[in-house]
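# Structural overview for review
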Amino acid sequence: MSIIINAYSTLTNPTAINFSCKKLNQSGLNSLNFIDHLNGLIDRIMQASDGQMNTRRYELYRHIQKTKHLFTFEIEEDQFNDLAIWGEHANVILFFPDGTIRNPNREVLQYSNGKFDINVNMPYPTEALQRKAKTEQYLATLGLHSLESLPPVVAESEVILRTPDEVAKRALALMLTGIQAESFRENDPLDPEEFKERCPIGYAALSNIEYDFIHNIQPQEQDIMNMGWRYEALLPLQWALNWQSTLPFADTFCQASSLVEKGLENINPEISTLTLRPLSELLDALDLNYRLHWLTRDYRINNKPLPVQMVEDII
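So, a few notes on the structure that sits alongside this text. (Residues numbered from 1 in each chain as written. Predicted model: local features only at pLDDT ≥ 70, side-chain atom pairs only at ≥ 80, totals over all residues. Heavy atoms only, no water.)

## Concerning the overall build of the protein chain
The condition is simple: Secondary structure is summarised from DSSP: a helix means a run of H or I of at least four residues, a strand means a run of E of at least two, and numbering begins at the N terminus for each. Three exposure classes are used, based on accessible area relative to the maximum for each residue type with a 1.4 Å probe and protein chains only: buried under 20%, partly exposed in between, and exposed over 50%. Note on definitions: a residue-residue contact is assigned when non-hydrogen atoms from the two residues lie within 4.5 Å. Only the protein chains shown count as covering a residue, and every accessible area follows the Shrake-Rupley method with a 1.4 Å probe. Residues scored as positive are Lys and Arg, those scored as negative are Asp and Glu, and His as well as the terminal groups of each chain are ignored. Every charge is mapped to an atom, namely NZ of Lys, CZ of Arg, CG of Asp or CD of Glu.
A count of helical and extended segments in the protein chain gives 12 helices and 6 strands. The C-alpha extent of the protein chain, read off along each of the three principal axes, is 75 × 45 × 35 Å. Put simply, the protein chain has 315 residues, and 45% of those count as buried. For the protein chain, contacts bridging at least 24 residues in sequence account for 73% of all contacts bridging at least 6. When the accessible surface of the protein chain is split by element, carbon and sulfur atoms take 49% of a total near 16,900 Å². Measuring between centres, the 27 positive side-chain charges of the protein chain sit 5 Å from its 42 negative side-chain charges.

Below, the structure written as structure tokens:
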């Protein structure tokens, strides 16, 4: 007996289908209605049963968010073992005709009615699981123990990186926004035309909200505070660009003057010379701060003192 299956892969370059089946369709990020299809699947998962978020739904939600390829095929049951091997390599979840969502070994991750068995494993790339374990081991040396249920962050095989020039443009835009927030706090706002003249690259990369803020004659105090936090977002971007030598642990606020100084040194960067740190290094930092974020929230919500100094607002 044959059945039609949808397989959702998070990898940027998944292994081509190498088992016997009737290939019906393959689509990806550039395909018409691909994102709409993924959003529809997310809605279906979230609306099952009580519609409340839980550990399994969050795992499925993140997998679908990361999906870059959809394979639709008709397969005979005697090919399921080969499907499992391919599915593990391609890091897929499978949607079956009965409405169940399964891992490559066809174990049910969620039933059509929303029920699930938390002991059934979600598929993750090996390098992502290894990074998660390494981060947890490091945190344990600090007396910190993150929730085991927190999934890994994206793996090298799942990432589509921004280009170095895109990162540099956003870094300069964040710098301009932070500078203007400081000038508002000091009741001496700068002329936005000066930003445009001195740092056209950063000015052109401002988001709509940032653009409106730096042109605001009299912004609200809360807006000034919010935009001042752009410096904390600037630090990891400068670090990613190798403009800062280290990304400090989240136990102290960044030095805005140092960030501005480094930004001004690179105000008109030579695009061809821009580089990012190795991908593994970027993902190590992402995984660490992702777990620190949830740790600080957990300790705050449960009114527990952190065993090490951390500033929740900067994570």
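## Points about the environment of Ala84
Following the sequence through the fold, Ala84 ends up in helix H3 (residues 80-90). Classification of Ala84 by relative accessible area gives buried; the value is 8%. Sequence separation of Ala84 and Asn54 is 30 residues, and the distance between their C-alpha atoms is 26 Å. Those residues in contact with Ala84 that sit more than four places away from it in its chain are Pro104 and Asn105.

## Observations concerning the sheet that holds strand E3 (residues 69-76)
Let me state the cut-off plainly: Strands were regarded as paired on the criterion that DSSP finds at least two bridges between them. Fitted lines through C-alpha atoms serve as axes, helices being fitted only where they are in contact, and the angles separating the N-to-C directions of these axes extend from 0 to 180 degrees.
Sheet architecture is open: 6 strands sit in the order E2-E3-E1-E4-E5-E6, paired in antiparallel fashion. Bordering the open sheet on either side are strand E2 (22-28) and strand E6 (108-110), each of which pairs with just one other strand. Examined bridge by bridge, strand E1 (residues 2-9) and E3 share 8 bridges and lie antiparallel to one another. Bridge pairing in E3 links Ala7 to Phe71. Of the strands in this sheet, E1, strand E4 (92-95), strand E5 (101-102) and E6 touch helix H2 (residues 55-66), which is tilted by about 95° from E6. Packing against the sheet, H3 makes contact with E1, E3 and E4, and its axis sits at approximately 170° to E3.

## Points about the nonpolar core
General note: in soluble globular proteins, nonpolar side chains tend to be found buried as a group. Operational definition: The definition of a nonpolar core used throughout is a set of buried Ala, Val, Leu, Ile, Met, Phe, Trp, Tyr and Cys residues joined through side-chain atoms within 4.5 Å.
Core analysis: the biggest nonpolar cluster contains 31 residues, and Met175, Phe213, Tyr231 and Leu234 have the highest contact counts within it. Where this core is concerned, the elements lending two or more residues are helix H5 (164-185), helix H8 (208-214), helix H9 (221-228), helix H10 (230-240) and helix H11 (256-265). Considering every element that reaches this core, the biggest residue donor is H5, with 11 residues. With residues up to four places along the chain from it excluded, the contact list for Phe213 reads Thr177, Gln180, Ala181, Phe184, Pro219, Asp223, Ile224 and Met227.

All we've got here are geometric facts, nothing functional implied.
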